[in-house]
Amino acid sequence: MSINHIRPWRHIERRKSRQIHVGNVPVGGDAPIAVQTMTNTPTTDVAATVAQVQAAAEAGADIVRVSVPDEASSKALKEIVRESPVPIVADIHFHYRRGIEAAEAGAACLRINPGNIGDEKRVAEVIRAAKDHNCSIRIGVNAGSLEKHLLDKYGEPCPEAMVESGLDHIRILQDHDFHEFKISVKASDVFMSAAAYQQLAEATDAPIHLGITEAGGFVSGTIKSAIGLGQLLWMGIGDTLRVSLSADPVEEVKVGFEILKSLGLRHRGVNIISCPSCARQGFDVIKTVERLEKRLEHVKTPMSLSIIGCVVNGPGEALMTDVGFTGGGAGSGMVYLAGKASHKMSNDQMVDHIVEEVEKKAAQLDDEAAAAE
C-alpha cells in the first residue's frame, strides 16, 4: 500500500517516458528503475566475465554491460550471453562493426557513443543489425568524447552540447524507423550532468539512463553519484541507472540500490537503520552492523531493521521497523517485533538472534505476498 497519501512529502512523480525493453527487462514507462553495472574483466576471459555477471545479478543487477573492443570479444560475447542470468548490453566504441557482431552474438542492447561511432552511414548499419536481431540501443553521450563540430560550436563540453549531440542521434535512429532506444548524457562533473539531464528530460520522451561517469573511487564516487543521481531521481528523472565506481561491480549495484531505496523507488533486501554510536551505547553498534550487513546479504525480501545503541532514539525507531534492537544495560537489550517491544536478548547472542528473526519475518512476508497473488 502506498504511504504517499498520508506522507505527501515522500511523493515522487516520475517523468512520463516511452517504454522499451532490454531483453526481458522493461525500461521506462511505469517499469521499476533498472539497476545496471559493467564488467571490468577482459571480455575474452569468458569464465571470469560470466562469474562477474553472475555476482552482479546475485547482488540485484537487472542488466549488465560488457565491453566489446575487438573481434575476439565479439566471439566471446556469444557465450557470455548464453550463460548470463540477466540481459547483456554490448559497449561499443569506435568500431561500428563490433556493434553488428554484438547484435549477431545475442546482445540485448547496444551502447553506442555518437562522438566516436562514425558517420551516419555506419550508424545505419548498426541500426539494421539491431532491428534484425531484436536489440535495443542506448545512445551514450559523454562529455569527454563529444563530436568536434559541437566542441567548435560551444567552445567546450557543456550541457547544451551534450543534449544537442543526443538529439541529433535520436533523429538518426528515428529517420531509420528505429524507436527501441534509451539515452544518457554523462559527465564526471555533477553540475554538468544534472543540467544536461534536466534539459534532456524536457526535450524527449525517450527512457533516460542516469549516470555520473568516472565518478571515482568507492567513497568519493558514491557521494558524487548519490548527489547527482539522487537529485535527478527526486525530480522524477531516470528510468535506469549505473553508479560508475573504481570498485567491484557488485559495489556499484549495492550503491545503486541504496540510492533508490533511500528515495522509496526500489525495495530489495534489508534496510538497516542504525545510529552512529556514542558513549551511551549499550553494545558495539558499528561492529554489530558490519556483521549483520554480511549475515543478511542473502535476504532479498524488502524489510526494515533498526539497530540503535541506546533508549534515546531506539524505541522510536523500532516503532517503524519490522525488527529492531535497542541497547540497554547489564549486557542486554530489547528486541522489537513489528514495532512493539517483544523480549530481552543478551548482547553476545543478539546477532544470531536478529538474523533468525529477520529470516523468520522475511519468510512470513514472502508467504503473504504469494497468497495475495
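Above this text you will find the structure in question.
The structure displayed is predicted, hence computed values, not measured ones.

Colleague: Provide a residue-level description of the environment of cysteine 310, including the pertinent values.
Modeller: Tracing the chain through its elements places cysteine 310 in the loop between β12 (303–308) and α11 (314–318). Take cysteine 310: its relative accessible area is 11%, and that puts it in the buried class. Once the C-alpha coordinates of cysteine 310 and arginine 65 are considered, the two residues, 245 residues apart in sequence, prove to be 44 Å apart. For cysteine 310, the contacting residues outside a window of four places in its chain are Arg280, Pro315, Thr326 and Gly327.

Colleague: Which residues make up the sheet that holds strand β15 (residues 340–346), and what are the values?
Modeller: In space, the five strands of this open sheet follow the order β11-β12-β13-β14-β15, with mixed pairing throughout. Strands at the two margins of the open sheet, each flanked by one partner only, are β11 (270–274) and β15. Going from strand to strand, the sheet's axes swing by 20° on average, the running direction of each strand aside. Pairing analysis gives five bridges linking strand β13 (residues 323–327) to strand β14 (residues 332–337), with the strands arranged antiparallel. In the sheet register, glycine 324 faces β14, and the bridge partner there is tyrosine 336. Running at roughly 155° to β12, helix α10 (residues 285–295) makes contact with β11 and β12 of the sheet. Along the sheet, helix α12 (residues 350–372) contacts β11, β12, β13, β14 and β15; its crossing angle with β12, the most-contacted strand, is approximately 160°.

Colleague: Break down the nonpolar core for me, citing the residues and quoting the values.
Modeller: Taken as a class, soluble globular proteins show a tendency for nonpolar side chains to be buried jointly. With 79 residues, the main nonpolar core has Leu77, Leu110, Ile137, Met162, Leu210 and Leu233 as its most contacted residues. With near-sequence residues (within four places) excluded, leucine 233 lies in contact with Ile12, Ile33, Leu210, Leu241, Ile259, Leu260, Leu263 and Leu265. Membership of the second largest hydrophobic core comes to 20 residues, among which are Val285, Val335, Val351 and Ala362.

Colleague: Outline the packing of helix α2 (residues 71–83) against helix α3 (residues 96–105), supporting the account with residue identities and numerical values.
Modeller: Between α2 and α3, the least distance of the axes is 8 Å, while the angle of their chain directions is 20°. Between α2 and α3, the interaxial angle falls into the category roughly parallel. For the crossing formed where α2 meets α3, the hand is right-handed. Within the contact between the two elements, α2 uses Glu71, Ser74, Leu77, Lys78 and Val81 and α3 uses Arg98, Glu101, Ala102 and Ala105. For the contact of α2 with α3, the residue count by class is four nonpolar, one polar and four charged.

Colleague: A description of the environment of alanine 61 should follow, citing residues and the corresponding values.
Modeller: Inspection of the secondary structure puts alanine 61 in the loop between α1 (46–59) and β4 (63–67). Linking alanine 61 and valine 123, residues 62 residues apart in sequence, is a C-alpha distance of 29 Å.

Colleague: Describe helix α8 (residues 218–234), naming the residues involved and giving the relevant values.
Modeller: Look at α8: 23 Å from first C-alpha to last across 17 residues, which is about the 24 Å you get at 1.5 Å a residue. Looking at α8, one finds that the buried residues are Gly221, Ser225, Gly228, Leu229, Gly230, Leu232 and Leu233. Among the structural elements, α7 (190–203), β9 (209–210), β10 (240–242) and α9 (249–262) are those in contact with the buried residues of α8. Looking one or two residues beyond α8, the residue adopting positive phi is glycine 236, at roughly 90°.

Colleague: Tell me about the sheet that holds β4, and name the residues and values.
Modeller: As summarised here, the arrangement of the eight strands in space is β8-β7-β6-β5-β4-β3-β10-β9, forming an open sheet in which the pairing is parallel. Each edge of the sheet is formed by a strand with only one pairing partner; in this case those strands are β8 (181–186) and β9. Two strands pair when backbone bridges link them, and strand β3 (residues 34–38) and β4 are joined in this way by three bridges, in the parallel orientation. Pairing of glutamine 36 across the sheet is with isoleucine 63, part of β4. Where α3 meets the sheet, it contacts β5 (88–92) and β6 (109–112), and its direction lies at approximately 165° from that of β5.

How each quantity is defined
Residues numbered from 1 in each chain as written. Predicted model: local features only at pLDDT ≥ 70, side-chain atom pairs only at ≥ 80, totals over all residues. Heavy atoms only, no water. Helix = DSSP H or I, 4+ residues; strand = E, 2+ residues; numbered from the N terminus. Buried < 20%, exposed > 50% of the residue type's maximum accessible area, 1.4 Å probe, protein only. Contact = heavy atoms within 4.5 Å. Pairing = 2+ DSSP bridges. Axes fitted to C-alpha atoms, helices over the stretch in contact; angles between N-to-C directions. Core = buried A, V, L, I, M, F, W, Y, C linked by side-chain atoms within 4.5 Å. Parallel < 35°, antiparallel > 145°, perpendicular 65-115°, else oblique. Left-handed = near helix turned anticlockwise from the far one by under 90°. Nonpolar A, V, L, I, M, F, W, Y, C, P; charged D, E, K, R; others polar. Expected span 1.5 Å × (residues − 1).

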